[in-house]
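Descriptive analysis of the structure
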Amino acid sequence: MAMSPGHPSNRPDEVFSLSISTLAMERAATEMRRTKLAILISNPRLNISTKSIAKALQDEMNFDWDDIHVTASYPDDFLVRFTHPWQRDTALELGSTPCTEAPWRS
């Protein structure tokens, strides 16, 4: 039988990988876990902008506009960065939008 490059039967049974991180990378990941919130919209057909997500958070949570930074994200729909960890915690506790909210995960 001829060898077929990339065929699953030619792949090893076990694969190992090694990720190296620096102290600065660990600190950044810790800060992101404390201040970021991932949002997945329940109805993907809705055309929702980053500005409308920020406005909804501002209106519902009464946060300052400058404390909310929303970006489009994959695999989640949006990633929200708050200035303070308590803001992220408050948004998780009081979330009443038709979406799934979860802390950012590394």
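Above this text is the structure in question.
**Some thoughts on the pairing of strand 2 (residues 68–72)**
Sheet topology places strand 2 next to strand 3 (residues 78–82); 5 bridges connect them, and they run antiparallel. Residue pairing in the sheet places Thr71 in a bridge with Leu79 of strand 3. Here strand 2 folds back onto strand 3, and the loop between the two strands holds 5 residues.

**Focus: the pairing of strand 1 (residues 36–41)**
With 5 of 6 residues buried, strand 1 lies mostly within the body of the structure. Bridge analysis of strand 1 against strand 3 gives 4 bridges, and the strand direction is antiparallel. The residue bridging Lys36 from the neighbouring strand is Arg81, located in strand 3.

**Thoughts on helix 2 (residues 50–61)**
The first and last C-alpha atoms of helix 2 sit 16 Å apart over 12 residues, in line with the 16 Å expected at 1.5 Å per residue. All buried positions along helix 2 are accounted for by Ile53, Ala54, Leu57 and Met61. Summarising the axial view, the buried residues of helix 2 lie within an arc of 95 degrees, below the 170-degree limit, and thus occupy one face. Structural note: helix 2 exposes Lys51 and Asp59 on the side pointing more than 90 degrees away from its buried face. Taken from the residues just after helix 2, Asn62 is the one with a positive phi, measuring 60 degrees.

**Things to note about the packing of aromatic side chains**
Considering all chains together, one arrives at 2 aromatic pairs under this definition. Here the aromatic rings of Phe63 and Phe82 are separated by 5.8 Å at their centres, their planes lie at 80 degrees, and the arrangement is edge-to-face. Of this pair, Phe63 sits in the loop between helix 2 and strand 2 while Phe82 sits in strand 3, and the two are 19 residues apart along the sequence. Grouping residues by exposure puts Phe63 and Phe82 together as buried. Relative to Trp86, the ring of Phe63 lies with its centre 5.7 Å away and its plane at 85 degrees, an arrangement referred to as edge-to-face. Taken together, the positions of Phe63 in the loop between helix 2 and strand 2 and Trp86 in helix 3 (residues 85–94) put the pair 23 residues apart, joining distant regions of the chain. When its relative accessible area of 6% is taken as the criterion, Phe63 is described as buried. Counting every residue linked through ring pairs, the aromatic cluster contains Phe63, Phe82 and Trp86.

**Brief notes about the side chain of Gln87**
Residue placement: Gln87 occurs in helix 3. A residue is classified by how much of its surface remains accessible, and Gln87, at 1% relative accessible area, is buried. Excluding anything up to four places from it in sequence, Gln87 contacts Phe63, Asp67 and Phe82.

Quick notes on the rules
Residues numbered from 1 in each chain as written. Predicted model: local features only at pLDDT ≥ 70, side-chain atom pairs only at ≥ 80, totals over all residues. Heavy atoms only, no water. Pairing = 2+ DSSP bridges. Helix = DSSP H or I, 4+ residues; strand = E, 2+ residues; numbered from the N terminus. Buried < 20%, exposed > 50% of the residue type's maximum accessible area, 1.4 Å probe, protein only. Expected span 1.5 Å × (residues − 1). Arc of directions from axis to C-beta. Phe/Tyr/Trp six-rings, centres within 6.5 Å; stacked < 30°, edge-to-face > 60°. Contact = heavy atoms within 4.5 Å.

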